[in-house]
Amino acid sequence: MNGFTFGPAGGRGLSRKRGTQVMLAGRTAFLPNEDVPCVRQMLTMRQIKAIPKDRFSVSLEVSSTPKATTGPVKKGFRQSPKSKTQRIRRQAHPAKRFSAIRFVRKETSSIAVESEDTKLYKTLIKLAKQTMKTADDMYDVSRRLRRNPGGDPPSSDIFYKPIDEGKLSDCIKKIIVNIFGDGDKGKICDREIKLVEFCLMMHYYFIRIKILKNTSRQPFCDYLEKYVFPDESKFTSKTFNNYANDDHYKKFAPIFTDESRLYINFKFHPTPDGTLKDFFHEIGCFFYNSPYFDELRDMQKNIDNFKI
């Protein structure tokens, strides 16, 4: 990637940090974060369009001095700086659609006529002040851009509407990263667990709260592999089924998935005692208190108020 970044002090070259690596329009790029709030790099117009304008401000450095002119020029005619700027703006008209993009006068070479996929713009991206909140905010943006460089995978069609499979995968992945980091072993309620055990309990929880219209194991595993663990080998449907068929877990499936057989208030964390029940309770609590499940509850309230 051609370009450089600004560190917190704002000095060119003072920081080797390159921001958060993401995919924009199918190409690698870097977005600012709290450590590197300003990034300069060469991007195509398609990449610029893919930048979330509600979270980042984008400035394009365009030429204010053309290389050459064409056509007759009258003797004594001198083009005013204002007319030059207007002409440059007309040349770069694709960027005018974005209210979050501004032009910065800079002496550079003139802009060649190329496509949105090949023409490169010297771009300065800043982290919007109102969005410098938490690392979770940046994770959400990064995750969304990485899973959607060319569109989400085809729908697995295993969830009831209005579940958004992409947003749910982001929710799942964030919880997994908080528990397991980059590995496949973690701890919940003082209990050492494996990633596959978490996925099995998550499946039970989704069945219990009735967001799955297809509760079979294989479609659920396919969804995890496509949306949550693309290009990763840490999760396999074979391992998932091996654990699901183990008597230790199999006997709890009908109890955990049926709320009439076991009451649990997922709004609150359990008191850890090392049992499988508290392990299941804690996983449900993670999802219940997640931002995406808050969004789903708001949707549910709105639908309940419909007078159709």
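From a predicted model like this one, the values you see are computed outputs, not experimental measurements.

Draft legend 1. Here's a closer look at the overall build of the protein chain. The secondary structure content of the protein chain amounts to 11 helices and nine strands. Evaluated residue by residue, the protein chain yields a buried proportion of 41% over its 308 residues. Of the contacts formed within the protein chain by residues at least 6 apart in sequence, a portion of 67% connects residues at least 24 apart. When the accessible surface of the protein chain is split by element, carbon and sulfur atoms take 50% of a total near 17800 Å².

Draft legend 2. Local environment of helix H6 (residues 217-228). For H6, built from 12 residues, the straight-helix expectation of 16 Å at 1.5 Å per residue is met to within 8% by its first-to-last C-alpha distance of 15 Å. Among all positions of H6, only Phe220, Cys221, Tyr223, Leu224, Tyr227 and Val228 are buried. Buried residues along H6 cover an arc of 155 degrees about the axis, so they all sit on one side.

Draft legend 3. Structural context of the side chain of threonine 257. Among the structural elements, threonine 257 can be located in helix H9 (residues 253-257). A polar contact is formed between the side chain of threonine 257 and the backbone oxygen of alanine 253, at a distance of 2.7 Å. The residues contacting threonine 257, other than those within four sequence positions of it, are Tyr204, Ile207 and Arg208.

Draft legend 4. Fine view of the nonpolar core. The biggest cluster of nonpolar side chains holds 50 residues, and the ones touching the most others in it are Ile172, Phe198, Phe206, Leu224 and Phe287. When contributions to this core are tallied by element, the ones reaching two or more residues are helix H4 (165-180), helix H5 (195-208), H6, helix H7 (237-244), H9, helix H10 (276-288) and helix H11 (291-304). Considering each element in turn, this core owes the most residues, 10 residues, to H5. Apart from the residues lying within four places of it in its own chain, the contact partners of isoleucine 172 are Met202, Phe206, Tyr223, Leu224, Val228 and Phe287. Membership of the second largest hydrophobic core comes to 14 residues, among which are Val22, Leu31, Ile48 and Leu60.

About the thresholds
- Residues numbered from 1 in each chain as written.
- Predicted model: local features only at pLDDT ≥ 70, side-chain atom pairs only at ≥ 80, totals over all residues.
- Heavy atoms only, no water.
- Helix = DSSP H or I, 4+ residues; strand = E, 2+ residues; numbered from the N terminus.
- Buried < 20%, exposed > 50% of the residue type's maximum accessible area, 1.4 Å probe, protein only.
- Contact = heavy atoms within 4.5 Å.
- Areas by Shrake-Rupley, 256 points an atom, 1.4 Å probe, with all protein chains shown as cover.
- Expected span 1.5 Å × (residues − 1).
- Arc of directions from axis to C-beta.
- Polar contact = N/O pair within 3.5 Å; in protein donor to acceptor, adjacent residues only side chain to side chain.
- Core = buried A, V, L, I, M, F, W, Y, C linked by side-chain atoms within 4.5 Å.

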